[in-house]
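Given next are the chains, with one letter for each unit.
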Amino acid sequence: MKLRQFQHLLAKNKIDLAFFSHDDPAVYYFIGSEFTGGYLLITPHQAILFLSPLDHKPKKQGVIVRNLAPGWSAKYANSTFQSIGINKANLTVELLDRIKKIFPRAKVKDISSSLEQLRLKKTKTELVLMVKACALTSAAFQALIKELPQKRLKTEQDVALFLEAFIRQRRGTIAFPTIVAVGKNSAIPHHLTSTTRLRCGFLQLDFGARINGYCADMSRVLFLGKPTTEEKRLYHLLADAQQAALDTVKSGISLKELDHIARMKLGKYASYFNHALGHGIGIEVHEQPAFSDSHAVVMKDVPFTIEPGIYLPGKFGIRIEDTLVWNGKKREILTKAPKNFITIPFSRA
Ligand SMILES: [Mn+2]
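The model shown is predicted, which means the values in this text are computed figures rather than measured ones.

Colleague: Can you tell me about the overall build of the protein, naming the residues and giving the values?
Modeller: The helix and strand tally for the protein stands at 8 helices and 20 strands. Relative to the compact-globule value of 20 Å for 349 residues, the protein shows a C-alpha radius of gyration of 23 Å, a close match. Counting every position in the protein, which comprises 349 residues, the buried fraction comes to 38%. Put simply, 63% of the contacts in the protein that link residues at least 6 apart link residues at least 24 apart.

Colleague: Now, about the domain arrangement of the protein: what can you tell me, with residues and values included?
Modeller: The extent of an interface is frequently quoted as the accessible surface area lost upon association of the parts. Here the domain parsing of the protein yields domain 1 (2-119) and domain 2 (124-344). Of note, the centres of domain 1 and domain 2, computed from C-alpha atoms alone, are 35 Å apart. When contributions to the side of domain 1 that touches domain 2 are tallied by element, the ones reaching two or more residues are helix 2 (25-31) and helix 4 (112-120). Classifying every residue of the side of domain 1 that touches domain 2 gives 3 nonpolar, no polar and 2 charged.

Colleague: Describe the sheet that holds strand 20 (residues 342-344), naming the residues involved and giving the relevant values.
Modeller: With respect to topology, 4 strands assemble into an open sheet ordered 8-9-12-20, the strand pairing being mixed. The strands lining the two open edges of the sheet, one partner per strand, are strand 8 (179-182) and strand 20. The sheet shows a mean angle of 25° between the axes of neighbouring strands, taken without regard to direction. Of the pairings in the sheet, the one linking strand 9 (residues 201-207) to strand 12 (residues 218-224) comprises 7 bridges and is antiparallel in character.

Cut-offs used in this document
- Residues numbered from 1 in each chain as written.
- Predicted model: local features only at pLDDT ≥ 70, side-chain atom pairs only at ≥ 80, totals over all residues.
- Helix = DSSP H or I, 4+ residues; strand = E, 2+ residues; numbered from the N terminus.
- Rg over C-alpha atoms; globule rule 2.2 N^0.38 Å.
- Buried ≥ 20, exposed ≤ 12 C-beta atoms within 10 Å, placed from the backbone.
- Contact = placed C-beta atoms within 7 Å.
- Domains from an automatic or database assignment.
- Nonpolar A, V, L, I, M, F, W, Y, C, P; charged D, E, K, R; others polar.
- Pairing = 2+ DSSP bridges.
- Axes fitted to C-alpha atoms, helices over the stretch in contact; angles between N-to-C directions.

Structure, rendered in structure tokens:
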């Protein structure tokens, strides 16, 4: 179905052939599995996957699978193709050179935006996978809340491994490198999880499972030990800002407006919120729609995240994030893990 739709689009835009590298998310989108080597070539009438002999051969209706053997591209040597579609967002300069050699008479056209448009609205099947990925992510968080008081987890890395093991043991993979940040580390939104030991204070988590290629993205904050009134106040301010944005989600509202609502709620702390409110999500953790696009609006079956944060340089940072989707009638939060202020008994070692 997706392939047919795309082939229709190619014909309409007078693209004779679209050329994708094996690691292009579009390949997953059309075939439904991942490969380590090969190319997917789609014409308005045919789809051929030239696949590395080291990869498992998929069975997919409408897709011919051929061996990626030396000289594989010879059959195109005398092609009359005029226009080759590429996905600029996922193509090396080296591969572009090779494409130009295979089709010396053709013009190369970037089709990344029509691909993004096609992938925007998720099918029922895609949404089911995202619901599953989000449920597994939430379950991992619940398990962590139970595990932490046992004091077996000593470092950020231990916490990340716990969450990832939980996910992998249940047939999930990891959507992106898990962020676990304690103390000052949490003031860096994209902190690289380290061997820093757990300590009293905020414990920031940002992670997600992936099920059959579809991602979840969730951030939660725990508090180890006893929080001050100020720390509690900040957490609730952030949670209220996230809730205000979540409560405004409805069909047609612009993503910019949601961003604005969260920042208004944060008041003077808005200046410590240094990234966009969220992003689209699907096969890629970050995909369309983009909050930076002033025309982007909430649309039916187009999942995205809402993740305000407050980062106090040199002190700490906190971020609460959910993956959600507008289903035509209401917004559905897919990451259902609790967001109340959770403290874990913790004494200095
Ligand atoms: Mn995110």
